[in-house]
Amino acid sequence: MAFQPEEAAPQDLNDDVVTEILLRLPSAAVLRSRAVCRAWRRIASSPAFAAAHARRRPLELIFQRHGPSGALESIPAAALDEPQRRCLDVEYPKESCWRGYNLIASCDGLLLFQRGRGGSSYYVCNPVTRQWTAVLPRPTGIFTLPCGFYVHGPSREHRLLCLTSDHQGSHYVYSLEAAQARWLGQALPVMRLWLDQPICSLNHRGKLHWLRHPRVIFSTDENVQHLMARDDDKYKILAFDTVSETFRRISRPPLRRRDGVAEFFLLEMDGMLAMADFLDGSMHLSVLEDYNDDKSWTRRLQVYLPAPLQHACWAVNADVEAAGQDVILLGDSRTCWVGLYHVKQKRVLKKFLLADNERRGSRNPTLVHALLFRDSLERHNFFHLHHSPQ
């Protein structure tokens, strides 16, 4: 008898059982399972399955080895488990001149890359399905700087908040699904763009938050020239509501007296906005008790960090569901040391060296930033509607 793929599939398993089995598989295995039979393909290709599967995937720390177009690697953020460390087999699009693809943001299972330097071109990739698309059209201006990558709740569109140099400085919202950019409002002239550019944003309560950012002009502000001369605005947190797409300023917690160079980083702690203050091997951690009251900052922690994390410069919530409320992930971008730190016990639970830059001696060292990623099998029409790089 000739081999029949449909007959070879397990016929005694109902859809619920098959769904439960497939939900436990890694993303790559799910993609392969679609070839088993039509029933499995139908289950594994449904939007409901893709959403449920994404919820079960671990939150991972993702980084790019040895600079632009380097290998993408990830490791579970809540465990730093070496056996679960993996290389994402992403094939970068070919290009006529070598500029490289630099990973700059992550959102909803998608990665945002910048090609070249100076705000030239941007691309979105799903590393699981290996799909790419160019971010088009680009707003007018000499350069475009993505400030935030988010999902707009009411429409479920994936959007980019961008700053451009047109009219001296403007904010735009770009929709991947609609392939359109919409003018949002004026920013201050960006003569010092690379000094003031956002390093990263925290998505908390459906709002993006920045510690460093190009300054926004509000309708209640004085004239632009007077605002440019003020320094207090630069030292406030900027929040962007991803639903109403409006800005808000939030005061920072009181800063300690300092004689050295400090690093600040926003994170979420116990459902509250928090800020880590790193200075000379120490870390102060403050939380905003009442999100609507700028004066409700409270210091939760004041510790000296042990080696090799004494020069940590970022902190993120490792994953509340897996690690618990009291564990944060600390990292040193340049040395590539990361560690799980228990806030209440004031001790490092686990530390891990992701890359040894000193041993390799490369001109393109590995830099580990606080980029978190979760696998997604969700299908997006913009990968088919837009021109993808070749």
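For the structure given in this document, a descriptive report is provided here. (Residues numbered from 1 in each chain as written. Predicted model: local features only at pLDDT ≥ 70, side-chain atom pairs only at ≥ 80, totals over all residues. Heavy atoms only, no water.)

1. Some details on the sheet that holds strand S20 (residues 314-317)
- Read from one edge to the other, the open sheet built from four strands follows the order S20-S21-S22-S23, with strand pairing classed as antiparallel. Edge strands, defined here as strands with exactly one partner in the open sheet, are S20 and strand S23 (347-353). Strand-to-strand twist in this sheet, taken as the mean axis angle between neighbours without regard to direction, amounts to 25°.
- The pairing of strand S22 (residues 337-342) with S23 spans six bridges and is antiparallel. Pairing of Gly339 across the sheet is with Lys351, part of S23. (Pairing = 2+ DSSP bridges. Helix = DSSP H or I, 4+ residues; strand = E, 2+ residues; numbered from the N terminus. Axes fitted to C-alpha atoms, helices over the stretch in contact; angles between N-to-C directions.)

2. Some points on the nonpolar core
- One finds Met283, Trp314 and Leu329 to be the most contacted residues of the largest nonpolar core, which totals 38 residues.
- Not counting the four nearest positions on each side in its chain, Trp314 is found in contact with Leu61, Phe265, Phe278, Leu329, Leu330, Gly331, Asp332, Ser333, Val338, Val368, His369 and Ala370. (Core = buried A, V, L, I, M, F, W, Y, C linked by side-chain atoms within 4.5 Å. Buried < 20%, exposed > 50% of the residue type's maximum accessible area, 1.4 Å probe, protein only. Contact = heavy atoms within 4.5 Å.)

3. Thoughts on the sheet that holds strand S7 (residues 131-134)
- If you trace the four strands from one edge of the open sheet to the other, you get S4-S5-S6-S7, paired in antiparallel fashion. Both outer strands of the open sheet, strand S4 (101-107) and S7, are each paired with one neighbouring strand and no more. The sheet shows a mean angle of 25° between the axes of neighbouring strands, taken without regard to direction.
- In the sheet, strand S5 (residues 110-115) pairs with strand S6 (residues 121-126) via five bridges, with the strands oriented antiparallel. In the strand pairing of S6, Leu112 is matched with Val124.

4. Some details on the environment of Phe383
- Relative to the helices and strands, Phe383 resides in helix H10 (residues 382-385).
- You can call Phe383 buried: its relative accessible area is 7%.
- Sequence separation of Phe383 and Cys125 is 258 residues, and the distance between their C-alpha atoms is 8.7 Å.

5. Quick word on the pairing of strand S13 (residues 207-210)
- As judged from the three bridges shared by strand S12 (residues 202-204) and S13, these two strands associate in the antiparallel manner. When the bridges of S13 are listed, Leu202 appears paired with His209.
- Remark: two residues form the turn of the hairpin made by S12 and S13, two consecutive strands paired antiparallel; Arg205 in that turn has positive phi of roughly 60°.
- Pairing geometry for S13 and strand S14 (residues 236-241), over four bridges, is antiparallel. Looking across to S14, one finds that Trp210 is bridged to Leu238.

6. Quick look at a nonpolar patch on the surface
- On the surface, Leu13, Val17 and Ile21 cluster together into a nonpolar patch covering about 200 Å² of accessible area.
- Checked against the element boundaries, Ile21 lands in helix H2 (residues 15-23).
- The partly exposed category is assigned to Ile21, whose relative accessible area is 38%. (Patch = residues over 30% accessible without salt bridge, like charges linked within 9 Å, V, L, I, M, F, W, Y side chains within 5 Å. Areas by Shrake-Rupley, 256 points an atom, 1.4 Å probe, with all protein chains shown as cover. Salt bridge = Lys/Arg side-chain N within 4 Å of Asp/Glu carboxyl O.)

7. Description of the environment of Ala54
- Structurally, Ala54 can be placed in helix H5 (residues 47-56).
- The spacing of Ala54 and Glu378 is 324 residues in sequence and 8.4 Å in space, taken between C-alpha atoms.
- In this view, Ala54 contacts Arg374, Asp375 and Ser376; residues no more than four positions away in its chain are not counted.

8. With respect to H2
- Buried residues of H2: Val18, Leu22 and Leu23, and no others. Along the long axis of H2, the arc covered by the buried residues comes to 130°, so they all point the same way.
- Each element contacted by the buried residues of H2 is listed here: helix H3 (27-33), helix H4 (38-44) and H5.
- Looking at where H2 begins, the residue whose side-chain oxygen comes 3.1 Å from the main-chain nitrogen of Asp16 is Asn14. (Arc of directions from axis to C-beta. Polar contact = N/O pair within 3.5 Å; in protein donor to acceptor, adjacent residues only side chain to side chain.)

9. Thoughts on the packing of H2 against H5
- For the pair H2 and H5, the least separation of the axes is 10 Å and the interaxial angle reads 40°. Between H2 and H5, the interaxial angle falls into the category oblique. Handedness of the crossing formed by H2 with H5: right-handed. Of the residues in H5, those in contact with Thr19, Glu20, Leu22 and Leu23 of H2 are Phe49, Ala52, His53 and Arg56.
- A per-class count over the contact of H2 with H5 returns four nonpolar, two polar and two charged. (Parallel < 35°, antiparallel > 145°, perpendicular 65-115°, else oblique. Left-handed = near helix turned anticlockwise from the far one by under 90°. Nonpolar A, V, L, I, M, F, W, Y, C, P; charged D, E, K, R; others polar.)

10. A short note on the pattern of salt bridges
- For the structure on display, the rule yields 17 salt bridges.
- For Glu245, the salt bridge is made with Arg159, and the minimal N-O distance between the two is 2.7 Å. Pair noted here: Glu245 is in the loop between S14 and strand S15 (247-251) and Arg159 is in strand S9 (residues 157-164), with a separation of 86 residues, a long-range link.
- Glu245 is the salt-bridge partner of Arg182, the closest N and O atoms lying 2.3 Å from each other.

11. Re the packing of aromatic side chains
- Taken as a whole and assessed by the stated rule, the structure comprises nine aromatic pairs.
- Ring geometry for Tyr92 and Trp132: centres 5.9 Å apart, planes at 55°, overall tilted. With Tyr92 in the loop between strand S3 (86-88) and S4 and Trp132 in strand S7, this residue pair connects regions lying 40 residues apart in the sequence.
- Put simply, the rings of Tyr92, Tyr101, Phe113, Tyr123 and Trp132 pair up and form one aromatic cluster.
- Geometry around Tyr291 places Arg248 over its ring, the cationic atom sitting 4.9 Å from the centre. (Phe/Tyr/Trp six-rings, centres within 6.5 Å; stacked < 30°, edge-to-face > 60°. Lys NZ or Arg CZ within 6 Å of the ring centre and 35° of its normal.)

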